[in-house]
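Observations on the three-dimensional arrangement
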Amino acid sequence: MIDATPVPLDQLSTWAGWNGRTRGLKLHVVYDPGSDHPRRLAITPSTVNDVTPAQQFPIEAGATYVFDKAYCSYAWWTRLHDAGACFVTRQKKNLRFRATRWRKLRKQKGKGFKIIDDAEVKLLSSSKLAVPMRRIRLKRDDGTKLTLITNDLKRSAIEIAALYKTRWQIELLFRWIKQHLKLRKFLGRSENAVRLQILAAMIAYLLLRIAARESRLIMPAIRFAGLVAASLFARKPIADIDRPPKVNPSAARDRSSPDQISFCYA
């Protein structure tokens, strides 16, 4: 999943650019939903187009990249295809495709959507896009219609639509980081201070995910983050972070602390 989110800053941050909607920076992330963690990130001024940093990320052969219609670049799509990667995106309104072959639908009903049609298409414009393309049109249960464009000719239409549906996971990542890792308020006003706090938030998120996975904890991420914050100065195994302290009334309780220096006679 590839997406970007704005990081708004107040007017006192005079160095921050204004893109017509917000003043601040923009966080670009490549997120792996399978392993549930970001793979790559970039921080740019808010005036930078979303697709610009994406073009600079290395391409992994065999991967499938899912992004919205803001990442429309024929040259980049061609690079993805030539590198052995697939992509799934939404069709922009000003893009026109002509169906060259209709594909038979073995299954139309998915979870939360229904496939309308599936066709192999060709771009109708002067721009050259020498990539075999496919158009999938679907209708959500709420009545809205989506048109997806992909170079994946192997997966079924249901699988491709489900891939695009999972894009909401990266939106949840952005919301979680901003709300629970305090990316709405910044300790400093300089560009370097803001960038460092964004990087610190991403590092904290990764450490929390690694700790939860290594300890095999099954609990909401927000609860785990709250428990860790409440236990920062306690020596306690992460696997027992949601359990009460062990108390044995029959044994004498050691009141010394390993965190304190012990006094002794020379």
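Throughout what follows, the structure given in this document is the object of discussion. Numbering of residues starts from 1 in every chain and runs along the sequence as written. The predicted nature of this model means local features are confined to residues of pLDDT at least 70 and side-chain atom pairs, given and counted, to a pLDDT of 80 or more, with totals for whole chains, interfaces and linings taken over all residues. Side-chain measures were taken over the full set of non-hydrogen atoms in the model, leaving aside hydrogen atoms and water.

For the rest of this paragraph, the subject is the overall build of the protein. A run of H or I in DSSP counts as a helix once it spans at least four residues, and a run of E counts as a strand once it spans at least two, with each numbered from the N terminus. The number of helices and strands found in the protein is 6 helices and 11 strands. With the radius of gyration taken over C-alpha atoms, the globule rule is written as 2.2 Å times the number of residues to the power 0.38. For 266 residues, the compact-globule formula gives about 18 Å, and the C-alpha radius of gyration of the protein, at 24 Å, lies well above that figure. Taken along its principal axes, the extent of the C-alpha atoms in the protein is 90 × 50 × 35 Å. Per-residue accessibility, obtained with a 1.4 Å probe over protein chains only, is compared with the maximum for each type, and a residue is labelled buried under 20%, exposed over 50%, and partly exposed between these values. Residue burial in the protein is summarised as follows: out of 266 residues, 38% are buried. Long-range pairs, those at least 24 residues apart, make up 46% of the contacts in the protein between residues at least 6 apart in sequence. Of the accessible surface of the protein, which amounts to about 17,000 Å², a share of 54% is contributed by carbon and sulfur atoms. One way to put it: in the protein the 49 positive side-chain charges average out to a point 5 Å from where the 22 negative ones average out. In what follows, residue pairs with any heavy atoms lying within 4.5 Å of each other are defined as contacts. Only the protein chains shown count as cover for residues, and all accessible areas are computed by the Shrake-Rupley method using a 1.4 Å probe. Two residue types count as positive, namely Lys and Arg, and two as negative, namely Asp and Glu; His and chain ends fall outside the count. A charge is said to be at NZ when it belongs to Lys, at CZ for Arg, at CG for Asp and at CD for Glu.

Before going further, it helps to spend a moment on the pairing of strand 9 (residues 113–123). Burial of strand 9 is extensive: 8 of the 11 residues sit out of reach of the surface. Pairing between strands is defined by DSSP: at least two bridges between the two strands are required. Here 5 bridges tie strand 7 (residues 97–102) to strand 9, and the two strands are oriented antiparallel to one another. When the sheet's bridge partners are listed, A99 is paired in strand 9 with V121. Pairing geometry for strand 8 (residues 109–110) and strand 9, over 2 bridges, is antiparallel. The partner of K109 across the bridge, within strand 9, is K114. From the end of strand 8 to the start of strand 9, which pair antiparallel, there are 2 residues, and G112 there has a positive phi angle of about 90 degrees. Judged from the 8 bridges that link them, strand 9 and strand 10 (residues 133–140) form a sheet pairing that is antiparallel. Within strand 10, the residue paired with I115 across the bridge is L138.

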